[in-house]
Amino acid sequence: MNDPFSQLRAATLAVLAGGAGRRMGRPKSFMEIGGQPILIALADRLRWPGPSLLVSSPGRECPPGADQFGREVVDAVAEEGPMRGLLTALENSTTDIIVVVTVDMPNVAGEQLGWLISRLAERPGCLGLATSRATDSKAFTEPFPSAYRRAAREAVTSCLSRGELSVHRLFGGAGFELAAAPLAWESLRVWTNLNTPADVSDFKGDR
């Protein structure tokens, strides 16, 4: 019998948690939802069976709940956004496949990450896979959650060297692809981002 968790066990989960959270008023890795630290809530929701990394940044190490992850790794350079966090994850992964989510996305679950891993596995030449979605006749690229091979390091390093800090810049480039997300992800509010205290308050109400 095939093990449904085998792909997850063979991939590294990386949670990017190094942002300053300026609109939040404090680093996002220190916020709470449902009366508990966001990292504990994420770890409990994801229940990742394979290796896991918490990616933080200089001066924001050891947020509450950091011990829920296999290792905490720290960006070599501060204030270079999610692109730097992605590079840190790729440099520290012990597996070829890495799935990445940001700390402010509390509705992402293992189901979505497993879907990304499967779609990446179907594309042997693909270095990184993110999703696209359409609402009201508008198309969106959603850079997170996303999945990568460690070989994406060179492209990410090149972006950083050019001062390109948005992960959006990767997609559309050679080796990086978009897959249309399942329609059910909309109703699950997979792409919910907590950017302000009001977002957190509203999310608590939804829970």
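Above this note sits the structure.
Residues numbered from 1 in each chain as written. Predicted model: local features only at pLDDT ≥ 70, side-chain atom pairs only at ≥ 80, totals over all residues. Heavy atoms only, no water.

Draft legend 1. Inspection of the overall build of the protein at higher detail. What the protein contains, in helices and strands, is seven helices and nine strands. For 207 residues, the compact-globule estimate of 2.2 N^0.38 gives 17 Å, and the C-alpha radius of gyration of the protein, at 16 Å, lies within 12% of that figure. On the principal axes, the C-alpha backbone points of the protein span a range of 40 × 40 × 35 Å. By the burial criterion, 50% of the 207 residues in the protein qualify as buried. Within the protein, contacts between residues at least 6 apart in sequence are counted, and of these 72% link residues at least 24 apart. With an accessible surface of roughly 9800 Å², the protein has 49% of that area assigned to carbon and sulfur atoms. Across the protein, the 22 positively charged side chains and the 23 negatively charged ones have centroids separated by 1 Å. (Helix = DSSP H or I, 4+ residues; strand = E, 2+ residues; numbered from the N terminus. Rg over C-alpha atoms; globule rule 2.2 N^0.38 Å. Buried < 20%, exposed > 50% of the residue type's maximum accessible area, 1.4 Å probe, protein only. Contact = heavy atoms within 4.5 Å. Areas by Shrake-Rupley, 256 points an atom, 1.4 Å probe, with all protein chains shown as cover. Lys, Arg positive; Asp, Glu negative; His and termini not counted. Charge placed at Lys NZ, Arg CZ, Asp CG, Glu CD.)

Draft legend 2. Just the packing of aromatic side chains, in detail. Taken as a whole and assessed by the stated rule, the structure comprises four aromatic pairs. Here the aromatic rings of Y148 and F171 are separated by 6.4 Å at their centres, their planes lie at 50°, and the arrangement is tilted. Of this pair, Y148 sits in strand β8 (residues 138-149) while F171 is found in the loop between α5 (153-161) and β9 (176-180), placing the two residues 23 residues apart along the sequence. F171 matches Y148 in its accessibility class, with the two residues each being buried. The interplanar angle of 50° and the centroid separation of 5.8 Å between the aromatic rings of W185 and W191 together place this pair among those described as tilted. (Phe/Tyr/Trp six-rings, centres within 6.5 Å; stacked < 30°, edge-to-face > 60°.)

Draft legend 3. Molecular detail of the sheet that holds strand β6 (residues 97-102). Taken together, seven strands build an open sheet; the order of strands is β5-β4-β1-β6-β8-β7-β9 and the sheet is mixed. The open sheet has two edge strands with one neighbour each: β5 (71-74) and β9. Within this sheet the neighbouring strands show an average axis-to-axis angle of 30°, counted without direction. Lying on the sheet, helix α3 (residues 81-92) is in contact with β1 (11-16), β4 (52-56), β5, β6 and β8; it crosses β4 at an angle near 145°. Sheet contacts for helix α4 (residues 110-121): β1, β6, β7 (128-135), β8 and β9; angle to β8, the most-contacted strand, approximately 80°. (Pairing = 2+ DSSP bridges. Axes fitted to C-alpha atoms, helices over the stretch in contact; angles between N-to-C directions.)

Draft legend 4. Spatial organisation of the pattern of salt bridges. Using the criterion set out here, one finds 12 salt bridges in the structure. With a shortest N-O distance of 2.8 Å, R47 and D44 are connected by a salt bridge. Residue D44 is classed as partly exposed on the basis of its relative accessible area, which comes to 42%. Ionic pairing is found between E122 and R119, a salt bridge with its closest N-O pair at 3.0 Å. Residues participating in the shared-partner salt-bridge network are R22, R60 and E79. (Salt bridge = Lys/Arg side-chain N within 4 Å of Asp/Glu carboxyl O.)

Note that all results are geometric; they support no functional claim without further evidence.
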